[in-house]
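What the coordinates show
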Amino acid sequence: MMKACLELSHGLEKLVRVTDDPYSMEEFTADEHIKLYTIVYDLCTAKGNCREMEEVMYDSFMETIEEYLSERVLPPLQRMQGDELAQQFVTKWFVYKDVYEKVSHIFYYLLRSFMTRKILDPAKVRTQLFYDGVFKEIHQQVVGAAISMVGSFFHVWSITTN
């Protein structure tokens, strides 16, 4: 079991790395995807402590997403301001949605049963994680950047209409 968890961890790191970097030369193959899915499935359906293992696997899923947000999304955004921040915030949101979706596919068996039992909506979980992990930290800068962009737009608009 420990070997499987370690293999899952390394596979998830690679999946996140490849998905996060659109210019990566590294690939995440269908075979790797199937292997990770199978690990999650096997661990969740093992005889004995099935419910306990589901909790462990769900925690692993959440930890993967939270680490991605805190290590790969938030730090670059914290160093930005103005238009660049607003543009990158939107870009990071779309990349995050892709990362979340791909990691969710690995945990599909678990999420289908576990989230249903807990009455969790996957889309709300995805949005709440981004809100808690990123937006809460930099909301003042993002709002300021958006207001600045709107102000710039109206300034340009008033010049061109006069």
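Please refer to the structure placed before this passage.
Let me sum up the structure you'll find in this document. (Residues numbered from 1 in each chain as written. Predicted model: local features only at pLDDT ≥ 70, side-chain atom pairs only at ≥ 80, totals over all residues. Heavy atoms only, no water.)

**A few points about the overall build of the protein**
Regarding its fold elements, the protein presents six helices and zero strands. Going from N to C terminus, the protein has its helices and strands arranged as α-α-α-α-α-α. The contacts in the protein between residues at least 6 apart in sequence include a share of 78% that link residues at least 24 apart. Summed over its atoms, the accessible surface of the protein is roughly 10200 Å², and 58% of this surface lies on carbon and sulfur atoms. (Helix = DSSP H or I, 4+ residues; strand = E, 2+ residues; numbered from the N terminus. Contact = heavy atoms within 4.5 Å. Areas by Shrake-Rupley, 256 points an atom, 1.4 Å probe, with all protein chains shown as cover.)

**Regarding the side chain of Thr64**
Examined against the element boundaries, Thr64 turns out to sit in helix 3 (residues 50-78). Relative accessible area serves as the criterion here: at 14%, Thr64 is assigned to the buried category. Looking at Thr64, its side chain comes within polar contact range of the main-chain oxygen of Ser60, at 2.8 Å. Not counting residues within four places of it along the chain, the set of residues in contact with Thr64 comprises Leu12, Val16 and Val103. (Buried < 20%, exposed > 50% of the residue type's maximum accessible area, 1.4 Å probe, protein only. Polar contact = N/O pair within 3.5 Å; in protein donor to acceptor, adjacent residues only side chain to side chain.)

**Brief notes about the packing of helix 1 (residues 2-20) against helix 4 (residues 82-106)**
Remark: helix 1 packs on helix 4, axes separated minimally by 9 Å, with the N-to-C direction vectors making an angle of 150°. Classified by the interaxial angle, the pair formed by helix 1 and helix 4 is roughly antiparallel. Here the hand of the crossing between helix 1 and helix 4 comes out right-handed. Residues Leu8, Leu12, Leu15, Val16, Thr19 and Asp20 of helix 1 form the contact with helix 4, whose own contacting residues are Val95, Asp98, Val99, Lys102, Val103 and Ile106. Of the residues in the contact of helix 1 with helix 4, the class split is eight nonpolar, one polar and three charged. (Axes fitted to C-alpha atoms, helices over the stretch in contact; angles between N-to-C directions. Parallel < 35°, antiparallel > 145°, perpendicular 65-115°, else oblique. Left-handed = near helix turned anticlockwise from the far one by under 90°. Nonpolar A, V, L, I, M, F, W, Y, C, P; charged D, E, K, R; others polar.)

**Here's the deal with the environment of Val142**
In this fold, Val142 is placed in helix 6 (residues 122-161). Using a relative accessible area of 10% as the deciding quantity, one classes Val142 as buried. Separated by 56 residues in the primary sequence, Val142 and Ala86 have C-alpha atoms spaced 6.0 Å apart. When near neighbours in sequence (up to four residues on either side) are disregarded, Val142 contacts Leu85, Phe89 and Phe135.

**Digging into the packing of aromatic side chains**
Counted by the stated rule, this structure contains 12 aromatic pairs. Note on Tyr96 and Tyr100: the rings are 6.0 Å apart at their centroids and 55° apart in plane angle, and the pair reads as tilted. Of this pair, Tyr96 and Tyr100 are both found in helix 4, four residues apart, which corresponds to roughly one turn of the helix. We classify Tyr100 as buried; its relative accessible area is 4%. Through successive ring pairs, a cluster of aromatic residues spans Tyr58, Phe61, Tyr68, Phe89, Trp93, Tyr96, Tyr100, Phe107, Phe130, Tyr131 and Phe135. (Phe/Tyr/Trp six-rings, centres within 6.5 Å; stacked < 30°, edge-to-face > 60°.)

**A few points about a negative patch on the surface**
A cluster of acidic side chains, namely Glu13, Asp59, Glu63, Glu66, Glu67 and Glu71, defines a negative patch on the protein surface. Here the element with the most residues in the negative patch is helix 3; it accounts for five residues. Topologically, Glu13 is positioned in helix 1. Among the residues examined, Glu13 registers a relative accessible area of 45% and is labelled partly exposed. (Patch = residues over 30% accessible without salt bridge, like charges linked within 9 Å, V, L, I, M, F, W, Y side chains within 5 Å. Salt bridge = Lys/Arg side-chain N within 4 Å of Asp/Glu carboxyl O. Lys, Arg positive; Asp, Glu negative; His and termini not counted. Charge placed at Lys NZ, Arg CZ, Asp CG, Glu CD.)

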